[in-house]
Amino acid sequence: MLDRKFIIQNAEIVRDNCTRRGVTCEIDRIIELDAERLTKLQLAEDLNRQANETSQQIPKSKDDAARKALIDKGRDLRHQKDAAQNAHDQLEGEIAELISAIPNLTHPDVPTGGEEDAVEISLGKTPIPNFDFEPRNHVELGEQHDLFDFEAGARVSGAGFYYLKNAAVRLDLALQQFAISFLAGQGFTPISTPDLALTPILQGIGFTPRGPETQIYSVENTDLNLVGTAEITLGGMLAGQTITDAELPMRLCGLSHCFRTEAGAAGRATKGLYRVHQFTKVEMFAFTKPDQSDAEHIRMRDLECEIFDALEVPYRVIDTATGDLGGPAYRKFDLEAWMPGRGDEGQWGEVTSTSNCTDYQARRLNVRFKTTGKKGTQFAHTLNGTAVATGRAMIAILENHQQSDGRIAVPKVLQPWVGCDMIG
RNA sequence: GGAUGGGUGGCAGAGUGGUCGAAUGCACCAGUCUUGAAAACUGGCGUACGUUUGCGCGUACCGUGGGUUCGAAUCCCACCCCAUCCGCCA
């Protein structure tokens, strides 16, 4: 969320930002309610001060009559205070709800518009393959090499679940190993994270569990939810904590399963691994000081490029347009890999996404840092980025590396873990 | 899951109804002393919100949420977490 004071003092900026993102917000209502809230706050504090003063006189009073009068006065003041406080709390709740609907500010370079307005920034080192045969999609390749079992997945867990088999398992593990080894060498602390998290943590990151259109699976009769990404558990690690500036930037890479209901995606359902209810992902996450986050964001994007260059997958880098940014994101880059088997003649498909969330998540999660020698604290900035989502990375590798006979070349960096240079 | 003991400022640790935002020690910062350092001494040292041009003042916060009371770190209830023991278990 944004800072309440900032919203009130910069109403025009916030309003314009919402317009640019195609989001409606009620800034005037917030300003109105907050003015009311302030008068209630001041009233409650003043009544409480009077009540405190009255209470302090009671032990000093000599006779019972004076004492009783003071007790009555104190009781009356507390009741008045409670009323003012309740009014304040209710307003605060209303305001918080309105504020949480306001998205983050937007980086000035972000293109305005929707999905089709994203700007292509660059291409990866690997060229789009020129097949002299009809390329197969990953589902067909999987059948040929006995890599997946979607039927058993559906039988056991329902549509959208799958089994990996044989080389696909090795490939899946190899991608995890490669990503974590690579990032550990880049200053990221490897973390294996919980796959369930408490509702307030999800909300702090910006997810809305248990809503009608939620992407999140929740566990009945508990406050737990299956995580949609390790971003949730990595960001949550410091929830409510105040750290020192010397600890920033703090770079983490988390390994987790990711669970998504894909509610509302029925029409977009595709065959195979592209859109599934469970997958495995290595996620980068960073807490930084405010003046570090832009550079850190570029770095995350470039690390994603290095990873997919190493995987020998053709891709393009996209600067996502305003309408396509999530609420917490200040700016978002996506890597879209070329998937020759997607659509009729191949399509770009999203394989990574990195967002700079500035202090939007940190404010809601209450992640702060203290600068040595300075009074007070500041909210940290948070950033996240996909290193490898193994399912989608596998699609890109299988489809781009297929040979005319259907065999699949294993990228060099994965060969030590896959145990061969060719599948099939 | 059961039993017991705990959760207080950066850390350790007092505090069982009123003047306690909280003793004391350590750590930290500034100063005195010293050629310098150490020691010693003196002073300072939480966060958030509100208010003020400013010094400052006010309110809240002693695991979390409720309750009792004029008044709660202190009493009551629920929950969470930690430690130890028992049970169970990959």
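Participant: Honestly, the sheet that holds strand β1 (residues 119–123) in this entry has me stumped. Any pointers?
Facilitator: Sheet strands pair via backbone hydrogen bonds, and the direction of the pair is either parallel or antiparallel. Within the open sheet, the eight strands sit side by side as β1-β10-β11-β12-β15-β9-β8-β4. Their pairing is mixed. Each edge of the open sheet carries a strand with a single partner, namely β1 and β4 (189–192). On average, each strand axis in the sheet is tilted by 25° relative to the strand beside it, whichever way the strands run. Pairing of β1 with strand β10 (residues 315–319) involves four bridges; the strand directions are antiparallel. What sits directly across from L123, in β10, is R316. Packing against the sheet, helix α7 (residues 167–184) makes contact with β4, β8 (250–259), β9 (278–288) and β15 (381–389), and its axis sits at approximately 10° to β9.

Participant: What is the right way to look at a negative patch on the surface in this model?
Facilitator: A contiguous patch of negative charge, built from E134, E140, E143, E151, D344 and E345, is present on the exposed surface. Topologically, E140 is positioned in helix α5 (residues 138–145). Classification of E140 by relative accessible area gives partly exposed; the value is 37%.

Participant: Explain the domain arrangement of chain A to me, please; I cannot follow it from the model alone.
Facilitator: When the parts come together, some accessible area is lost, and that loss is often what is quoted as the size of the interface. Under the domain assignment, chain A is made up of domain 1 (4–100) and domain 2 (115–423). Computed over C-alpha atoms, the centres of domain 1 and domain 2 are 43 Å apart.

Participant: Honestly, the protein's contact with RNA strand B in this entry has me stumped. Any pointers?
Facilitator: The local shell around RNA strand B holds 21 residues, among which N48, S55, I58, R75 and T377 are the closest. At a separation of 2.4 Å, a phosphate oxygen of RNA strand B approaches a polar side-chain atom of R75. One of the side-chain nitrogen or oxygen atoms of T377 is found 2.8 Å away from a phosphate oxygen of RNA strand B. Listing elements by their share of the surface near RNA strand B, those giving two or more residues are α3 (27–57), α4 (64–100) and β13 (368–370).

Scoring rules and cut-offs
Residues numbered from 1 in each chain as written. Chains lettered and ligands numbered in written order. Predicted model: local features only at pLDDT ≥ 70, side-chain atom pairs only at ≥ 80, totals over all residues. Heavy atoms only, no water. Pairing = 2+ DSSP bridges. Helix = DSSP H or I, 4+ residues; strand = E, 2+ residues; numbered from the N terminus. Axes fitted to C-alpha atoms, helices over the stretch in contact; angles between N-to-C directions. Contact = heavy atoms within 4.5 Å. Patch = residues over 30% accessible without salt bridge, like charges linked within 9 Å, V, L, I, M, F, W, Y side chains within 5 Å. Areas by Shrake-Rupley, 256 points an atom, 1.4 Å probe, with all protein chains shown as cover. Salt bridge = Lys/Arg side-chain N within 4 Å of Asp/Glu carboxyl O. Lys, Arg positive; Asp, Glu negative; His and termini not counted. Charge placed at Lys NZ, Arg CZ, Asp CG, Glu CD. Buried < 20%, exposed > 50% of the residue type's maximum accessible area, 1.4 Å probe, protein only. Domains from an automatic or database assignment. Near = heavy atom within 4 Å. Polar contact = N/O pair within 3.5 Å; in protein donor to acceptor, adjacent residues only side chain to side chain.

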